[in-house]
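Chain by chain, the residues:
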Amino acid sequence: CNNFCTYCIVPYTRGREKSRAPEDILQEIETLVRDGVREVTLLGQNVNSYKGEDAEGRRWDFSDLIYRINAIDGLQRIRFMTSHPKDLSDELIEVMKNSDKICRHLHLPLQSGSTKILKAMNRRYTKEQYLELAAKIRREIPDISLTTDIMVGFPGETAEDVEDTIDVIRKVGFDNAFTFIYSVRTGTPAAAMEQVPEEEVHAGFDRVLEAVQETARKQVARLQGQTLTALVEEVNEQDASLVTGRLSNNTIVHFPGSADLIGQIVPVKLEECHGFYYTG
């Protein structure tokens, strides 16, 4: 990773970004599809900063790569993560909008809703820029599910900064969020900053978590009664008469079925919402 967020040790331990050759990626996916794979996930510390070069010296960005993957016959679903907000391009939004294979889910880490804290984190976007980007994505892809990462307790964070984060949560309406408390990573710039008292951190975390749960319940509940397709992943661990599948928007659904459905994409009626998942 080349971003050097002040709380993160990854650039120091993993080194600079490297992009695989596009032909290698396409060939691997084509081989997987021939073996029966229906869904692939592209993984990177920051997939949006992909800069591949093909054998003829042409430069590919991430939207070019996704466009070509979308054209692979037999592939039914494409996922990717993680996207950095500062690098998510209009071209990528357009490719997602016009694809029937790219899953309707985008993980877009916020970390904080406070512009002051974002600057201290070296995230290189503001609260307003994040809100504008999220609004554009929802406008262009109305059925998208937006999830995020939120950190509470970064050095210097005040109750007002936490309120900024909660404001973003409510305005964006995240479908889910990974919320976590800042922890010191020795060797990072943030480790030398003045830390927030533990009781303040936990109070802020509880408020953020409550806001996330509130918006997520509303977002996920909108699907109730619809029939959508799910990729069956496994026999349910708690009830062997059920299988567990994943919708395009990454929501989990449990429904009657057997092991022979694993790997199949099947229609499921979403009958009952249980907060973050459905039974159907």
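Residues numbered from 1 in each chain as written. Predicted model: local features only at pLDDT ≥ 70, side-chain atom pairs only at ≥ 80, totals over all residues. Heavy atoms only, no water.

Asks: I keep staring at the overall build of the chain and nothing clicks. Help me out?
Replies: When helices and strands are tallied, the chain shows eight helices and 13 strands. For 280 residues, the compact-globule formula gives about 19 Å, and the C-alpha radius of gyration of the chain, at 20 Å, lands near that figure. Judged by the C-alpha coordinates and their principal axes, the chain covers about 55 × 55 × 35 Å. Put simply, 72% of the contacts in the chain that link residues at least 6 apart link residues at least 24 apart. As displayed, the chain offers around 14,000 Å² of accessible surface, 49% of which is attributable to carbon and sulfur atoms. Side-chain charges of the chain comprise 33 positive and 44 negative groups, with the mean position of each set lying 3 Å from the other. (Helix = DSSP H or I, 4+ residues; strand = E, 2+ residues; numbered from the N terminus. Rg over C-alpha atoms; globule rule 2.2 N^0.38 Å. Contact = heavy atoms within 4.5 Å. Areas by Shrake-Rupley, 256 points an atom, 1.4 Å probe, with all protein chains shown as cover. Lys, Arg positive; Asp, Glu negative; His and termini not counted. Charge placed at Lys NZ, Arg CZ, Asp CG, Glu CD.)

Asks: In this structure, what is going on with helix 7 (residues 159-172)? I would like to understand it.
Replies: Note on helix geometry: an α-helix contains 3.6 residues per turn, so any two residues three or four positions apart are oriented the same way. When the terminal C-alpha atoms of helix 7 are compared, their 20 Å separation across 14 residues agrees well with the 20 Å that a helix rising 1.5 Å per residue should span. Of all the residues in helix 7, the buried ones are Asp-161, Val-162, Thr-165, Ile-166, Val-168, Ile-169 and Val-172. Buried residues in helix 7, looked at end-on, bunch into an arc of 155 degrees, giving them a common side. Turned more than 90 degrees away from the buried face of helix 7, the exposed residues are Glu-160, Arg-170 and Lys-171. Residues of helix 7 that are buried sit in contact with helix 5 (115-121), helix 6 (127-140), strand 6 (145-152) and helix 8 (198-221). One or two positions beyond helix 7, positive phi appears at Gly-173, with a value near 70 degrees. (Expected span 1.5 Å × (residues − 1). Buried < 20%, exposed > 50% of the residue type's maximum accessible area, 1.4 Å probe, protein only. Arc of directions from axis to C-beta.)

Asks: Is there a simple way to explain the sheet that holds strand 7 (residues 176-181) in this structure?
Replies: Backbone hydrogen bonds hold the strands of a sheet together, and the pairing may be parallel or antiparallel. The parallel open sheet is built from three strands, whose spatial order is 5-6-7. Two strands in the sheet have a free side with no partner beyond their single neighbour: strand 5 (105-107) and strand 7. On average, each strand axis in the sheet is inclined to that of its neighbour by 15 degrees, with strand direction left out of account. As judged from the three bridges shared by strand 5 and strand 6, these two strands associate in the parallel manner. Looking across to strand 6, one finds that His-107 is bridged to Thr-147. (Pairing = 2+ DSSP bridges. Axes fitted to C-alpha atoms, helices over the stretch in contact; angles between N-to-C directions.)

Asks: Where do I start with the sheet that holds strand 11 (residues 265-269) in this structure?
Replies: On the basis of which strands lie adjacent, the open sheet formed by six strands has the order 11-8-9-10-13-12 and mixed pairing. The open sheet has two edge strands with one neighbour each: strand 11 and strand 12 (272-273). In terms of strand pairing, strand 8 (residues 227-235) meets strand 9 (residues 242-247) through five bridges, oriented antiparallel. Bridge pairing in strand 9 links Glu-234 to Thr-244.

Asks: How should the packing of helix 7 against helix 8 be read in this particular structure?
Replies: Helix packing for two helices is described by the angle between their axes and how far apart those axes are. Contact geometry for helix 7 and helix 8: axes closest at 9 Å, N-to-C directions at 10 degrees. By the angle class used here, helix 7 and helix 8 are roughly parallel. Where helix 7 approaches helix 8, its residues Ala-159, Val-162, Glu-163, Thr-165, Ile-166, Ile-169 and Arg-170 are matched on the opposing element by Gly-204, Arg-207, Val-208, Ala-211, Val-212, Glu-214 and Thr-215. Taken together, the residues of the contact of helix 7 with helix 8 sort by class into seven nonpolar, three polar and four charged. (Parallel < 35°, antiparallel > 145°, perpendicular 65-115°, else oblique. Nonpolar A, V, L, I, M, F, W, Y, C, P; charged D, E, K, R; others polar.)

Asks: I'm lost on the packing of helix 2 (residues 22-34) against helix 3 (residues 62-70) in this one. Help?
Replies: Following both chains from N to C, one finds helix 2 and helix 3 inclined at 30 degrees, their axes separated by 11 Å at the closest point. As summarised for this structure, helix 2 and helix 3 are arranged roughly parallel, according to the angle between their axes. Regarding helix 2 and helix 3, the two cross each other, and that crossing is right-handed. Where helix 2 approaches helix 3, its residues Pro-22, Ile-25, Leu-26 and Ile-29 are matched on the opposing element by Leu-65, Arg-68 and Ile-69. A breakdown of the residues in the contact of helix 2 with helix 3 according to their chemical character gives six nonpolar, no polar and one charged. (Left-handed = near helix turned anticlockwise from the far one by under 90°.)

Asks: Whenever I open this one, the environment of Glu-132 confuses me. Can you help?
Replies: Within the secondary structure, Glu-132 sits in helix 6. Exposure remark for Glu-132: the relative accessible area of 55% places this residue in the exposed category. In this structure, the C-alpha to C-alpha distance between Glu-132 and Leu-261, residues 129 residues apart in sequence, is 41 Å.

Asks: I tried to follow the nonpolar core on my own but got confused; where do I start?
Replies: Inside soluble globular proteins, nonpolar side chains tend to come together where they are buried. Within the largest apolar cluster, 56 residues are counted, with the highest numbers of intra-cluster contacts made by Ile-29, Phe-62, Ile-66, Ile-69, Phe-80, Tyr-130 and Ile-137. When residues of this core are assigned to their parent elements, the largest contribution, five residues, is made by helix 7. Residue contacts for Ile-69: discarding those within four places in its chain leaves Ile-25, Leu-26, Ile-29, Leu-42, Leu-75 and Ile-78. Leu-223, Phe-255, Val-266 and Tyr-278 belong to the second largest nonpolar core, which has 12 residues in total. (Core = buried A, V, L, I, M, F, W, Y, C linked by side-chain atoms within 4.5 Å.)

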